[in-house]
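For reference, the chains in residue letters:
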Amino acid sequence: MGKQLELLQGTLDVLILKAVSLGPLHGYGVLLRIQQISGDQLEIQQGSLYPALYRLEHQGLIASEWGESENNRKARFYRLTPAGRKKLKAETDNWNRMAQVMAGILNREPEEA
Amino acid sequence: MSAASRLRSWWKVLLHRSSFEHDMETELHTHLENYADDLMRRGMDRESAIRRARLELGTVAAQKESCRRSLGLRPLDDFIGDLRYVFRQLRRAPAFTVTVLVVLALGIGANAAMFSIIDATLLRWLPYHKPNQLVSLYLADSNGDPSWAFYQEIKEWQKQSHSLESVAYYIPVEGYLGTDAGQASVSALSVSANLFSVLGVQPVLGRSFLESEQQSGNANVIIVSHEVWRTLLRADQEVIGKQVRVNDRPYTVVGVMPERFLFPANDKDPQVWIPAELTPAHLKPVTDFTAPVYQAIGRLPKGASPSTVGAELSGIESRLVPWYPADIQIGRKSSRVDAAPYRETLVKESRPALLALIAVVAIMWLIACANIANLMLARGMARQREIAVRGALGASHSRIVRQLFTESLVLSLLGAIAGLGLAQLALRIFDKVLSARLKLPGHLTPNAGVLGALLILSILSAIVFGLLPAWLAARTSIDDSLRHGTAQAGTGKRRHKLQQAMVVAEVGLSLVLLIACGLLLRTVFALRKVPLGFRTDHVLMVHPELPRYKYRNVDTNHAIFQPLLQRVRQLPGAQSAAITTLLPLHKGFTAILTLDVKVGEKSSGVPLHIDAQLKAAGPELQQILGFQMARGRFFNQQDTPDSQPVAVVNRAFAQRYLPAGDVMEKFSINLGKKRAARIIGVMDDFHQTSIDQPSFPEIDFCAPQLLPTDGFYQPILLAHVELAIRTQTDHQQFVPALRRAIAEINPDLQASSIETMDQIVEDSMGSQLLAAHLLELFGATALLIALAGLYGLLTYLVSQRTRELSVRLALGAQRTHILTMLLEQAGRMLVAGAAIGLTMAWFSGRLIAGFLYGVAPHDPGTMVAVTALLLLCGVIASYLPARTASRVDPMEALRRE
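Q: Give a detailed account of a nonpolar patch on the surface, specifying residues and quantitative values.
A: All names here are of chain B. Together, Leu413, Leu455, Ile459, Leu460, Ile463, Val464 and Leu467 make up a nonpolar patch on the protein surface, roughly 520 Å² of accessible area in all. Per-element tally for the nonpolar patch: the top contributor is helix α17 (residues 448-475), with 6 residues. When you line up the elements, Leu455 lands in helix α17. Owing to a relative accessible area of 47%, Leu455 belongs among the partly exposed residues under this scheme.

What follows is the structure, encoded as C-alpha cells:
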C-alpha cells in the first residue's frame, strides 16, 4: 500500500454520490465504501464528511431515512435521488473529459510542442 | 432545481428543530462508535480507540455547527437568538415598551386607516379595461360646476375630435323592473350602444347593444347587471331572449354583465342598461333647453392627457355656440369643456379633504417616529455598558447594529399589529359616516394591498427610528464606556443635540396640526353661528319616491300630494304640512331660470337678464320653516287655482334685479296663456344650497295654484318634490305613523325617504365637521406624543445629570437657579419648535383654505392662541422633571453613585 492521496478540492461530493449510488449507506459506511473502492488510496478527512452529506441532502441530491446498522445501531441511511443520479452522471462525464484533457497536456513530450 | 428542496429542508428543520438536533447527535455518535469498533478490531484498546475516533471526527458540537452551516442555518439561528434577546430586553423595560407601542400604534394606525380609505377611493379598483384612460366629458361653467351636454353637442365632439379614441354617453332614467318575481326599483341607465365597448367590458351572457338598437322603435332591449340577473332573474342561464318590463314596457334581455361590473361606479342600487332611443327631438337642431342631454364618457388613446382633450373639445364647442338660440348661448359662452379622469370624478368632492388628511397622517407618523427615535437614543445611552460588554466579548460592529435593528423591527411590527387593530376599530366606528360621505360602494376594510403598505411602512419606521440610534450606540468606543462605567460619561454631547433637534421637530410638526385643527374648529363655530333664516327643530322632510311612468299624465301635485298632505295634517302630533320643490341646504336638484324680461312699461323698460332659482311651495311652508317676510305676505289659503296667480321673491332677488323697490308693483312673470303671476311679497334670505354659500335669487310660486299647463310646472313640480312637516311630538313616535299613512294613501310611495331638518343641517356641514373631528383627534394625539417626548427627554436628561446637579448644589448653587436653568433649556426647544411650526403653518395655510369659512388661513388670533396653548403645555411638561431635579439631595445622589 503506497502513500495515500489527498482528496482534490470539491471532489468529496461526487465521491459520496458515487458511493451511495451503489446502494443505501450510513455515514460511516460512505467513508468505508470510498476507501474500499479507491483501494485505500484516498485519505478522507472525517470531519468534512457530515457537512457534505447534509449539504447534499439539503440540495435534494440524496435522501435519508433511519434504519439499523449491521451492528444494531440506529443509523441514518443515505440513498441517491433522481436529481442526484443526474448530477452524478454529469459530474462523471465532466471529470472524465477533464482527466483526458489533463492527461493529454501533461503527457506531451517536449519535441512535440 | 434545488430551490424547492432547499425550502423543503429548511421548513423541515424549522418545524422540527429539536428532533433535527437530536438526530444529528445520534448520527454522529453512531459514527464514532462504528469507527471505534473497527479500530478495536484492529487491536486497539477501547479507550484509545474512542479517543482516536473523536480526534479524527472532531468534537460533536463543532461537527453539528458545520452541518448546520452547510444547511445555511446560521443567519436564521442568529436572528432567532436576536429575537429572544429582544423579547427579554423588552420585558425588562415595560414602561419603555408600552410607550413605544402606544405611540407607534397611533402613528401607524392612523396611516392604516387612511390607506384603507385611499385604497377605496383615490386608488379604487374599477371594473373596466384600463380605467385610467377613461375621462368624463362635461360642460363646466365659470365656477367649474358641471352640467350635461346636448346630444347634438356630444355627436359633434365625437365627430370632430382627434384626441379621443371613442365617446359614449348615458343618462339615468327611472327604473322599475318587472319580472316574474314582481316589480323592483333598480337604477336604470339609458346609454349609447357603444358604452360597453368604450368601457372595454363585454357581457358574460349574450351580447352588448347594436348601433341599430338606438333607432326609434328598436330600443326595446335590455342588458342587466350580474346582481339583477342573480336576484331578480333567479340566475336563469336561458335568460337571453326572455321578456322583462321596464316602467311597464316590454324589453328583451340581450345581455348579462360580469359580476362586480358597475356603471356608473358610484351607484349602490342594482343596475340595468337600455339603449338611448333616438327620437325626432334628438335629431333636430337644438332650439331650447328641452333638447335631450347626456353625460359623456370618453376613452383616451394611450399616453394622452385629459387637458389636451378638454382644450380640443372647448375649441370645437366654441364653434358650435353661434348656432344655438340666444338664451342657450348666454350660458355656453362662459363655459368650457372639461375632461376629468373618470376615477377622479367619483371622489371629486372629497379628494381635497383626502389629500389633506394624507398629509396629516404622514405628519403624525413623522412625529411618532421622531419620538421613538428619541426614546431609543435615550435607551441606547442607558445600555451603553451592556453594548460595550457585548463588543468586548467579540460581537462585531455589524452584529450589534443588527441586534439593535432587530429590536426596532420587532417594536414596529408589534406597533403595526396594534395599529391595524386601532385602524379596524376606527373604520368600524366611522364606517357609516365615511361611506355616506365618500359614496363608497362597500365597507371599508383593510385588504391585502393595505396590509402590504402597512408592512412596508413599519419596516420604514424601524429604519427611521431604529437605525440611527443603533448605529450611534454601536459606534461608541468600548473602552470609554467600560472605563467610565455608568451613564455619567460625558460622551453624549452630540447625541443630546440630536435628541433636542428631534423634540424641536416634534413640537413644530404638532403645532402645524394644532393650528389646522384650530382653524377648522373656528370654521365649524362660524358655520354654526350663521343665521339659517329658518327653524330646523321639529321639522321632517319626506322625499316621495313615485314611479313616474304610472303617473305620466297625472297632475301629481293635485291628485297625489295634496290629498297626502291633507292626511298627514290629520295625524296626531302633526302641526302642519306643505309641499316644496326645494329642500333647504340640499345640494340636489335645482331649477334655475335664465331669461330676459322687460321690467316696467314696455316703452321705457330695459331688457333684464335674470338667473333665479324656481320653487313651488304650499302656503304652510312659512309656518313650518318659520322664515320672515321682508315685505308683503307669503301665500295663504285664498291663493287657489282659480284666483290670481301669485309669486314671492327673496331679498337677494329684489336687491339684484329690482333695486328701486318697485318689485311688487312692476314685475310679473308669465305662467302660460294669459296667466301671469304677480309678486306679492319679499322673503328674508335663507341659505338654499349650503351654509357657506350666500343666498341665490329665488322666485317662489304657490304650489296649489300651478297647473300642468303652466310653463313652470314641468321643471319644478315634476322634477323634485319634498314634503315638509312640522310636528309637535317626538320624531321617534311620529315617523312610524307617518310611514303607515303614506303607505295607506298610496302604496307606490312606500320607498319614500324621511329625514329630519336637523340632520340635513348637520349633513350640509358634513365635510367640515368630519375634517374637524378627525383633526381634533389627530391634533390632540400629536400634541400628546410631542409632550410625552419633551417630558421624556427632560426627565432623562435630568437623570443623566444628577451627579453634575448634585455637585453644583453641594458647591452652593441655588435650587431656583437650577430650576430656571432647566426650564430655560426646555424653553429654547419649545420656542424653536414653535417658530418652525408657525413658519410651516403659514406656508401650508393654502392647503386648507378650501375647508375654511369665516376665518382666514393665516388668522393671527388662532395662530397666537394655539401657539400659546402649546407653549403652556410644554412648560408644564418640562416643569415636572425640572422640579424633581432641583429637589435632588446632593448627599444622597453622590453617595448612590
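That covers the picture; the talk isn't over yet.
Q: Tell me about the sheet that holds strand β4 (residues 62-68) of chain A, residues and numbers included.
A: Strands sit in the order β2-β5-β4 (chain A) across an open sheet of 3 strands; the sheet is antiparallel. The open sheet is flanked by β2 (25-26) and β4 of chain A, the only strands paired with a single partner. As paired elements, β2(A) and strand β5 (residues 74-80) of chain A share 2 bridges and run antiparallel to each other. By the bridge assignment, A:His26 is partnered in β5(A) with A:Phe77. Helix α2 (residues 17-41) of chain B contacts β2, β4 and β5 of chain A of the sheet and is inclined by roughly 100° relative to β5(A).

Q: Let's hear about unusual backbone geometry: which residues, and what values?
A: Cis peptide bonds are those with omega within 30 degrees of zero, and the linkage from B:Phe263 to B:Pro264 qualifies with -5°. By the element assignment, B:Pro264 lies in the loop between β11 (249-256) and β12 (271-275).

Q: Can you lay out the interface of chain A and chain B for me, pointing to particular residues and giving the numbers?
A: Taken together, the contact between chain A and chain B spans 25 residues of the former and 27 residues of the latter. The junction of chain A with chain B conceals about 2,300 Å² of combined surface from both sides, 53% of it contributed by carbon and sulfur atoms. Remark: the boundary between chain A and chain B carries 3 salt bridges. For B:Asp37, the salt bridge identified is with A:Arg73, shortest N-O distance 2.9 Å. On the surface where chain A and chain B come into contact, there are 13 residue pairs in polar contact (both at pLDDT 80 or more). Counting residues per element, the ones that place at least two in the side of chain A that touches chain B are α2 (27-37), α3 (49-58) and β5 of chain A.

Q: Account for helix α26 (residues 757-764) of chain B, with residues named and values stated.
A: For α26(B), the set of buried residues is B:Met757, B:Ile760, B:Val761 and B:Ser764. An end-on view of α26(B) places all buried positions within 100° of arc, on one side of the element.

Q: Please give an account of the packing of aromatic side chains that cites residues and values.
A: Each pair of aromatic rings is reported with the distance of its centres and the angle of its planes. Residues and elements named next belong to chain B. Inspection of every chain in the model, using the stated rule, returns 17 aromatic pairs over all chains. Ring centres of Tyr169 and Tyr294 lie 4.9 Å apart, and the angle between their planes is 55°; this geometry places the pair in the tilted category. Of this pair, Tyr169 sits in strand β4 (residues 166-173) while Tyr294 is found in strand β13 (residues 293-299), placing the two residues 125 residues apart along the sequence. Summarising the burial analysis for this pair, Tyr169 and Tyr294 share the class buried. Between Phe196 and Phe209, the ring centres sit 6.0 Å apart and the planes meet at 55°, which makes this aromatic pair tilted.

Q: Help me get a handle on the environment of B:Ile400, residues and values and all.
A: Residue and element names in this part refer to chain B. If you trace the backbone, Ile400 turns up in helix α16 (residues 397-438). For Ile400, a relative accessible area of 6% gives the class buried. Each C-alpha atom of the pair Ile400 and Asp82 lies 9.8 Å from the other, and the pair is 318 residues apart in sequence.

Q: Please give an account of empty space enclosed by the protein that cites residues and values.
A: Residue and element names in this part refer to chain B. Under the counting rule described, the total for this entry stands at 4 cavities of 30 Å³ or more. Looking at the second largest cavity, its volume works out to about 90 Å³. Forming the walls of the second largest cavity are 10 residues, and the residues nearest its centre are Met376, Gly380, Leu404, Glu407 and Pro469. Residue assignment for the lining of the second largest cavity shows that the elements contributing at least two residues are α14 (351-382), α16 and α17. With 4 residues, the top contributor of residues to the lining of the second largest cavity is α17. Classifying every residue of the lining of the second largest cavity gives 5 nonpolar, 2 polar and 3 charged.

Q: Give a detailed account of the pairing of β4(A), specifying residues and quantitative values.
A: Residues and elements named next belong to chain A. Summarising the sheet, β4 and β5 pair through 7 bridges and their orientation is antiparallel. Opposite Ser64, over in β5, you have Tyr78 as the bridge partner. Counting the residues that bridge the hairpin from β4 to β5 gives 5 residues, and of these Asn72 lies at a positive phi of roughly 60°.

Q: Residue-level account of the pattern of salt bridges, with values.
A: Summed over all chains, the structure comprises 28 salt bridges over all chains. The salt bridge partner of B:Glu27 is A:Arg76, with a shortest N-O separation of 3.2 Å. Within this pair, whereas B:Glu27 is found in helix α2, its partner A:Arg76 is found in strand β5, the two belonging to separate chains. Residue classification places B:Glu27 among the buried positions, given a relative accessible area of 3%. Note that B:Arg522 is salt-bridged to B:Asp859, the shortest N-O span being 2.8 Å. Taken together, the residues B:Arg522 in helix α19 (residues 493-529) and B:Asp859 in the loop between α29 (815-848) and α30 (860-886) connect sequence positions 337 residues apart. A residue is classified by how much of its surface remains accessible, and B:Arg522, at 38% relative accessible area, is partly exposed. In this structure, a network of salt bridges that share partners links the residues B:Glu21, B:Glu25, B:Lys64, B:Glu65, B:Arg68 and B:Arg69.

Q: Give me the lowdown on a positive patch on the surface, citing residues and values where you can.
A: A surface patch of positive charge is lined by B:Arg84, B:Arg88, B:Arg91 and B:Arg92. Mapped onto the elements of the fold, B:Arg92 is located in helix α5 (residues 74-92).

Q: How would you explain the packing of α3(A) against α2(B) if you had to name every residue and give the values?
A: In the contact formed by α3(A) and α2(B), the axes pass within 12 Å of each other and the chain directions differ by 135°. If you check the angle between α3(A) and α2(B), you find them oblique. Note on packing geometry: the crossing formed by α3(A) with α2(B) is right-handed. Contacts from A:Leu49, A:Tyr50 and A:Tyr54 in α3(A) reach B:Phe20, B:Met24, B:Glu27, B:Leu28 and B:His31 in α2(B). Taken together, the residues of the contact of α3(A) with α2(B) sort by class into 6 nonpolar, 1 polar and 1 charged.

Cut-offs used in this document
Residues numbered from 1 in each chain as written. Chains lettered and ligands numbered in written order. Predicted model: local features only at pLDDT ≥ 70, side-chain atom pairs only at ≥ 80, totals over all residues. Heavy atoms only, no water. Patch = residues over 30% accessible without salt bridge, like charges linked within 9 Å, V, L, I, M, F, W, Y side chains within 5 Å. Areas by Shrake-Rupley, 256 points an atom, 1.4 Å probe, with all protein chains shown as cover. Salt bridge = Lys/Arg side-chain N within 4 Å of Asp/Glu carboxyl O. Helix = DSSP H or I, 4+ residues; strand = E, 2+ residues; numbered from the N terminus. Buried < 20%, exposed > 50% of the residue type's maximum accessible area, 1.4 Å probe, protein only. Pairing = 2+ DSSP bridges. Contact = heavy atoms within 4.5 Å. Axes fitted to C-alpha atoms, helices over the stretch in contact; angles between N-to-C directions. Buried area = accessible area lost by both parts, 1.4 Å probe. Polar contact = N/O pair within 3.5 Å; in protein donor to acceptor, adjacent residues only side chain to side chain. Arc of directions from axis to C-beta. Phe/Tyr/Trp six-rings, centres within 6.5 Å; stacked < 30°, edge-to-face > 60°. 1 Å grid on protein atoms, 1.4 Å probe; cavity = no way out; pocket = protein on both sides within 12 Å on 5 of 7 lines; lining within 4 Å. Points joined across faces, edges and corners; volume = space filled by probe spheres on them. Nonpolar A, V, L, I, M, F, W, Y, C, P; charged D, E, K, R; others polar. Lys, Arg positive; Asp, Glu negative; His and termini not counted. Charge placed at Lys NZ, Arg CZ, Asp CG, Glu CD. Parallel < 35°, antiparallel > 145°, perpendicular 65-115°, else oblique. Left-handed = near helix turned anticlockwise from the far one by under 90°.

The values reported here are purely geometric and, on their own, carry no functional implication.
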